[in-house]
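Okay, here's what each chain looks like letter by letter:
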Amino acid sequence: MYKIIITSDSNKHFESAIKEYEKRLGKTFEITKLKPVKNGSDKQIIEKETDNLIKILEKQKWFKIVLNPVWKNLDTKELYNLIEEKKQNFSEFIFIIGWALWIDYIRLKSYINFELNLWKMTMPHSLALLVISEQIYRLEMMKKGTSYNK
């Protein structure tokens, strides 16, 4: 089972492609959209969004992967190997996609199992959602041995 947690006001630019991967992955895939906090100073917003995310993560026994452009970069095969290795201890995986002001990483670090970089360029959260959705689908096709990954 895969879950993606994202804060975003809208995914309209990539919505049809994202929906296609949701359809293809079926019940093994879920997207949770959190509303961005908009009121308060940057510090207050970061604190509240970090609190909201921690409330979700502390209840989950899943393998938690946070996406950020400054951390470890993996190609698809390396991501596949990581997921397959972690399946020995985890049956479910959460990918966490950014916040406009990001979050309090010091507070969040103890709730995260792995830090992943899609690439170093900044992108809209909805594009990152599309990319990671496609990669999850690709991982599942690799596991099944289909030609999708070729």
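Conventions we followed
- Throughout this document, residue positions are counted from 1 along each chain, in the order its sequence is written.
- Per-residue local features are limited, in this predicted model, to residues with pLDDT of at least 70; the limit for side-chain atom pairs, both in listing and counting, is 80 or more; totals at the level of whole chains, interfaces and linings are taken over all residues.
- Think of the side-chain values as coming from all heavy atoms in the structure, minus any hydrogens and water.
- A run of DSSP states H or I qualifies as a helix once it reaches four residues; a run of E qualifies as a strand once it reaches two. Both are numbered from the N-terminal end.
- With a 1.4 Å probe rolled over the protein chains alone, any residue whose accessible area is under 20% of its type maximum counts as buried; one over 50% counts as exposed, and the rest are partly exposed.
- Any two residues whose heavy atoms approach within 4.5 Å at even a single point are treated as in contact.
- Polar contact criterion, stated in full: a pair of N or O atoms within 3.5 Å, where within protein one must be able to donate a hydrogen and the other to accept it, and residues adjacent in sequence count only if both atoms are side-chain atoms.
- Should DSSP find at least two bridges between two strands, the strands are regarded as paired.
- Here an axis means a line fitted to C-alpha atoms, over the contact stretch when the element is a helix, while the angle between two N-to-C directions is reported on a 0 to 180 degree scale.

A. Representation of the environment of Asn113 within the structure. Along the chain, Asn113 turns up in the loop between α4 (105-108) and β5 (114-117). When its relative accessible area of 38% is taken as the criterion, Asn113 is described as partly exposed. Setting aside residues up to four positions removed in sequence, Asn113 forms contacts with Trp62, Phe63, Lys64 and Phe90. A distance of 2.7 Å separates a polar atom in the side chain of Asn113 from the backbone nitrogen of Lys64.

B. Quick look at the sheet that holds strand β1 (residues 2-7). On the basis of which strands lie adjacent, the open sheet formed by five strands has the order β2-β1-β4-β3-β5 and parallel pairing. Each of the sheet's edge strands pairs with one partner strand only, and the pair in question is β2 (29-34) and β5. This sheet shows a mean twist of 30° between the axes of neighbouring strands, independent of strand direction. As judged from the five bridges shared by strand β3 (residues 63-73) and β5, these two strands associate in the parallel manner.

C. Inspection of the side chain of Arg138 at higher detail. Within the secondary structure layout, Arg138 lies in helix α5 (residues 125-144). Look at Arg138 and you get buried, because its relative accessible area is 17%. In this view, Arg138 contacts Thr76, Tyr148 and Asn149; residues no more than four positions away in its chain are not counted.

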